[in-house]
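# Observations on chain architecture
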Amino acid sequence: MDKPYVLVYGLSAHPIHQQHVNLVVDAARALVARGYALAKIILIPVYRRNPTGPRPKDDLPGTFEHRLAMCQLAAEEIAHRLEDLAMQAPPLRALARRVEVSRVEETLAKGREAPNYTVETLSTLQAREPDTGLIFLLGSDLVAGDQPELGHWREPEKLGQIALLAICPRPGYPPNTAFLDALRRQGAQIVVLDEVETQDIATSAIRQRLEAGEDALRLAQEGLLPLSVARYIHEHGLYTRQTTNDRPPSSWGDQGCQHPVVTVDVVIFTLRHDDLLVLLIQRGHPPFEGLWALPGGFVGPDETLEEAALRELEEETGVRDVYLEQLYTFGDPGRDPRGRVITVAYFALVPSTEMEVRGGSDASTARWWSVYHLPALAFDHARIVNYALTRLRYKLEYTAVGFQLLPDEFTLSELQRAYEVILGEKLDKRNFRNKLRKAEVVEPVNRRRESKGRPAQLYRFRPDAVAEIKARRLFP
């Protein structure tokens, strides 16, 4: 079973609860123990239930962003649990870094304003992951009884041809073996994970208790909800009569139309110990409480975008007096579970010797992370960091932007190493130095750096090269 697989788990997540987390973790561990090479886990919250379901939920599209956010919090817990189990099963360590939440069902349903079917979802994932197999996780309640619910789904036999169906037992729902055998005869791939132990916890029962007024944090104490999910439900007042949207009131116009809210986010890069680092803060409040994110926040009514970016940066990290360059505007409708939020991203480059950071304001802590080993990030901040890295690499090709990441004086080897770290590739020493000489942006100083071998000549960027950089003069 050397072929890599993606473990797929679809659910309403209304709300996602502790048994969902346990099921995914235990199923992943069981599959790895059986020899399956799992490359990724994908959680897929349902966008709109199809007509064949016995329990239609008309409110699913309206609650999708909250359910997506809760899945992201659950994915974090799944990743932590897998990391903890890696001592017993080393393959789980790499898997812990590949736990994702997908909007694929929203994309399919919105594309035609109609429900999509699971067989279409899996076909889409198969097209997106052509080099991997799919394992679709199911509870035994779907294949139990004289008329199994799975038999009423669209093309159930095709589901088992697209993906390996991994059946996990649920108390009181023994699989209908005749039904499974019939699917196998039609070409379906099926495995029953008898070693996985599950509890009989119904999502609807948890939802009913919340709607009756019970505190989500109390349900977390009972082991029914992950604590991060319970906090999210509690903070947003979900499953109560008060609100299910938690959208900023100031974003609504007099005519009842929602206007976008504007935020700013800041990407700050530095070089340290032969690594490219980015400054992140750990969020101290929902949404995504406890997750790492870029420094940033809402723009005040009386400040410019850059003023807001500088203010948020200082409040959350203690960093001040940096030159910010506007990067890009990110405005996907679903990027923030609180509502329609557009963010303007800025980025800056600073020498590591000039930067000490601390948490503050609504950030519990702040620290530098390698861009090549990032934690799971809140919102769409992973996309923003990747965009900023692409911009930095591009600027490195056509400007002498590297001077902003280095001390005033440096060796040519240090400069080359900085370029290699940022570009992520090894450079030829002779070609690199020829380009520097032709660009005429560095000059030697009357000092050398002592070392065990021959003292290395120190250089600096020419004073007029700074002006050329700001004018974006080409750097070959």
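About the thresholds
All residue numbers refer to positions counted from 1 along the written sequence of the respective chain. Local features in this predicted model are restricted to residues of pLDDT 70 or higher, and side-chain atom pairs are both shown and tallied only at a pLDDT of 80 or more, whereas totals for entire chains, interfaces and linings draw on every residue. Working from all heavy atoms in the structure, the side-chain values ignore hydrogens and water. Axis definition: a line fit to C-alpha positions, over the contact stretch in the case of helices; interaxial angles, taken between N-to-C directions, run 0 to 180 degrees. Helix and strand assignments come from DSSP, with helices taken as H or I runs of at least 4 residues and strands as E runs of at least 2, each series counted from the N terminus. Roughly parallel here means an angle under 35 degrees, roughly antiparallel means over 145, roughly perpendicular means 65 to 115, and every remaining angle is called oblique. Crossing handedness is read from the near helix: turned anticlockwise from the far helix by less than a right angle, it gives a left-handed crossing, and turned clockwise, a right-handed one. Working rule for contacts: check all heavy atoms of both residues, and any pair within 4.5 Å makes them a contact. Amino acids outside the nonpolar list (Ala, Val, Leu, Ile, Met, Phe, Trp, Tyr, Cys, Pro) and the charged list (Asp, Glu, Lys, Arg) are all regarded as polar, and Gly is one of them. Aromatic rings from Phe, Tyr and Trp, taking only the six-membered ring of Trp, are treated as a pair when their centres fall within 6.5 Å; an angle between ring planes under 30 degrees marks them as stacked, one over 60 as edge-to-face, and anything in between as tilted. A positively charged side chain is recorded as over a ring if its NZ (Lys) or CZ (Arg) lies within 6 Å of the ring centre. The angle to the ring normal must also be within 35 degrees. The quantity called pLDDT is the predictor's confidence in a given residue, expressed from 0 to 100. Salt bridges are defined as contacts in which a side-chain nitrogen from Lys or Arg sits within 4 Å of a carboxyl oxygen from Asp or Glu. Residue count minus one, scaled by 1.5 Å, sets the expected span of a helix. Type-normalised accessible area, obtained with a 1.4 Å probe on protein chains alone, sets the label of each residue: buried when under 20%, exposed when over 50%, and partly exposed for intermediate values. In this description, the arc belongs to the directions extending from the helix axis to the C-beta atoms. Buried Ala, Val, Leu, Ile, Met, Phe, Trp, Tyr and Cys residues that are joined via side-chain atoms within 4.5 Å together make up what is termed a nonpolar core.

### Some details on the packing of helix α1 (residues 18–33) against helix α2 (residues 64–85)
For the pair α1 and α2, the least separation of the axes is 10 Å and the interaxial angle reads 40°. Considering their axes alone, α1 and α2 lie oblique with respect to each other. For α1 against α2, the interelement crossing comes out right-handed. Contacts between α1 and α2 involve Gln18, Val21, Asn22, Val24, Val25, Ala28 and Arg29 on the former and, on the latter, Ala74, Glu77, Ile78, Arg81, Leu82 and Leu85. Here the contact of α1 with α2 is built from residues that sort into 8 nonpolar, 2 polar and 3 charged.

### Things to note about the packing of aromatic side chains
Enumeration over the complete set of coordinates arrives at 9 aromatic pairs. The interplanar angle of 85° and the centroid separation of 5.8 Å between the aromatic rings of Phe330 and Tyr387 together place this pair among those described as edge-to-face. In this pair, Phe330 is assigned in strand β11 (residues 325–330) and Tyr387 in helix α12 (residues 381–398), connecting sequence segments 57 residues apart. One cation-aromatic arrangement involves Arg154 over Tyr117; the distance from NZ or CZ to the ring centre is 3.8 Å. The cationic tip of Arg367 hangs over the ring face of Trp369; the distance from NZ or CZ to the ring centre is 3.7 Å.

### Structural notes on the packing of α2 against helix α10 (residues 227–236)
Between α2 and α10, the shortest axis-to-axis distance is 9 Å and the interhelical angle comes to 150°. When the axes of α2 and α10 are compared, the pair comes out roughly antiparallel. Seen along the crossing, α2 lies across α10 with a hand that is right-handed. Here α2 contributes His66, Ala69, Met70, Leu73 and Ala74 to the contact with α10, which in turn contributes Ser228, Val229, Tyr232, Ile233 and His236. Broken down by class, the residue content of the contact of α2 with α10 amounts to 7 nonpolar, 3 polar and no charged.

### Overview of the confidence of the model for the protein chain
Chain-level statistics for the protein chain give a pLDDT mean of 83 and a share of 85% at 70 or above. Contacts from residues 467–476, a stretch scored under 50 in pLDDT, to residues over four places away or in other chains number 26 contacts.

### Focus on the pattern of salt bridges
Enumeration over the complete set of coordinates arrives at 26 salt bridges. The salt bridge involving Asp274 is made with Arg417; its shortest N-O contact spans 3.6 Å. With a gap of 143 residues between them, Asp274 in the loop between β7 (261–272) and β8 (275–283) and Arg417 in helix α13 (residues 412–423) connect regions that are remote in the sequence. Arg383 is the partner of Asp332 in a salt bridge, and the nearest nitrogen-oxygen pair spans 3.2 Å. Here Asp332, found in the loop between β11 and β12 (341–349), pairs with Arg383, found in helix α12; they are 51 residues apart in sequence, far enough to count as distant. The network of salt bridges with common partners includes Lys40, Arg98, Glu100 and Glu129.

### Considerations on helix α11 (residues 305–317)
With 13 residues, α11 should reach 18 Å at 1.5 Å per residue; the first-to-last C-alpha distance of 18 Å fits that figure. The set of residues buried in α11 consists of Ala308, Ala309, Glu312, Leu313, Glu316 and Thr317. An end-on view of α11 places all buried positions within 130° of arc, on one side of the element. Phi turns positive, to about 80°, at Gly318, one or two residues after α11.

### Some words on the nonpolar core
Counting 63 residues, the largest nonpolar core has Ile41 and Leu82 as its most contacted members. With residues up to four places along the chain from it excluded, the contact list for Leu82 reads Val25, Ala28, Ile41, Leu92, Leu95, Ala96 and Val99. Within the second largest apolar cluster, 40 residues are counted, among which are Phe269, Ala418, Ile422 and Val442.

### Overview of helix α8 (residues 203–211)
Residues Thr203, Ile206, Arg207 and Leu210 constitute the buried set of α8. Taken around the axis of α8, the buried residues stretch over an arc of 100°, which confines them to a single face. Summarising the contacts, the buried residues of α8 are in contact with α1, α9 (216–221) and α10. Following α8 by one or two positions, Gly213 has its phi on the positive side, about 110°.

### A few points about the environment of Ala220
Counting through the fold element by element, Ala220 comes out in helix α9. Spatially, the C-alpha atom of Ala220 lies 8.9 Å from that of Arg231, the residues being 11 residues apart in sequence. Contact partners of Ala220, with chain neighbours within four places excluded, come to Leu225, Leu227 and Ala230.

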